[in-house]
Amino acid sequence: CGLIRVDGFPQVSTVKFRDALVMGVGTSTGQVLLYDLRSNRPTRVKDHRYGLPIKKIDFHHLNHDLVASMDARILRLWDKNSVLFISSIVSLVLF
């Protein structure tokens, strides 16, 4: 697991609960952190790589392993276990 370099201290830009134990947190620096609330560290970190604040996080209602995260430029679908991208939708204008 590689370290992600972030300049400055990121702020929380959005929060979404999957269920009573799993929470997704979007940051102002473009990362999505998944937490198991029984732990004080994120279980997964996904970087959008644009440096834009995360606007929204959602979990698929039938497949809870699928995470959707969106900043002003891109909507990404990714697997919460492997952290691999499944698909992306890029906009020519900011969302």
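Just so you know, these numbers come straight off a predicted model, no measurement behind them. Along every chain, residues carry numbers that run from 1 in the direction the sequence is written. Restriction of local features to residues with pLDDT of at least 70 applies here, the model being predicted, together with a cutoff of 80 or more for giving and counting side-chain atom pairs; totals for whole chains, interfaces and linings are based on all residues. Only hydrogens and water are set aside; all other atoms, that is, all heavy atoms of the structure, feed into the side-chain values.

1. Some points on the nonpolar core
- Counting eight residues, the largest nonpolar core consists of Val32, Leu34, Ile54, Ile57, Phe59, Val67, Trp78 and Val83.
- For the purposes of this entry, the term helix denotes a DSSP run of H or I that reaches at least four residues, the term strand denotes a run of E that reaches at least two, and both are numbered from the N terminus. Elements that contribute at least two residues to this core include exactly β3 (31-36) and β5 (56-59).
- Any two residues having at least one pair of non-hydrogen atoms within 4.5 Å are treated as being in contact. Ignoring any residue separated from it by four or fewer positions in sequence, one finds Leu34 in contact with Met23, Gly24, Pro42, Thr43, Arg44, Phe59, Val67, Trp78 and Lys80. Buried residues of nine kinds, namely Ala, Val, Leu, Ile, Met, Phe, Trp, Tyr and Cys, make up a nonpolar core once their side-chain atoms join them within 4.5 Å. Classification of residues uses two cut-offs on accessible area relative to the type maximum, computed with a 1.4 Å probe and protein chains only: under 20% is buried, over 50% is exposed, and between them is partly exposed.

2. Thoughts on the sheet that holds strand β8 (residues 85-90)
- For two strands to count as paired, DSSP must find a minimum of two bridges between them. Overall, antiparallel pairing links the four strands, which are arranged β5-β6-β7-β8 in an open sheet. Edge positions in the open sheet fall to β5 and β8, since each of these has one partner strand only. Each adjacent strand pair in this sheet contributes to an overall mean axis angle of 15 degrees, direction not counted. In this analysis, axes come from line fits to C-alpha atoms, helices being fitted only over the stretch in contact, and the angle between any two N-to-C directions falls in the range 0 to 180 degrees.

3. Details of the sheet that holds strand β1 (residues 12-17)
- The strand order across the open sheet built from four strands is β1-β2-β3-β4, with neighbouring strands paired in antiparallel fashion. Each end of this open sheet is capped by a strand with a single partner; those strands are β1 and β4 (42-47). With strand direction ignored, the average angle separating the axes of adjacent strands in the sheet is 20 degrees.

4. Let's talk about the environment of Ser88
- Looking at where Ser88 falls in the secondary structure, it is placed in strand β8.
- A residue is classified by how much of its surface remains accessible, and Ser88, at 33% relative accessible area, is partly exposed.
- For the pair Ser88 and Met70, spaced 18 residues apart in the sequence, the C-alpha separation amounts to 9.6 Å.
- Sequence-distant contacts of Ser88, that is, excluding residues within four places in its chain, are made with Ile74, Leu75 and Arg76.

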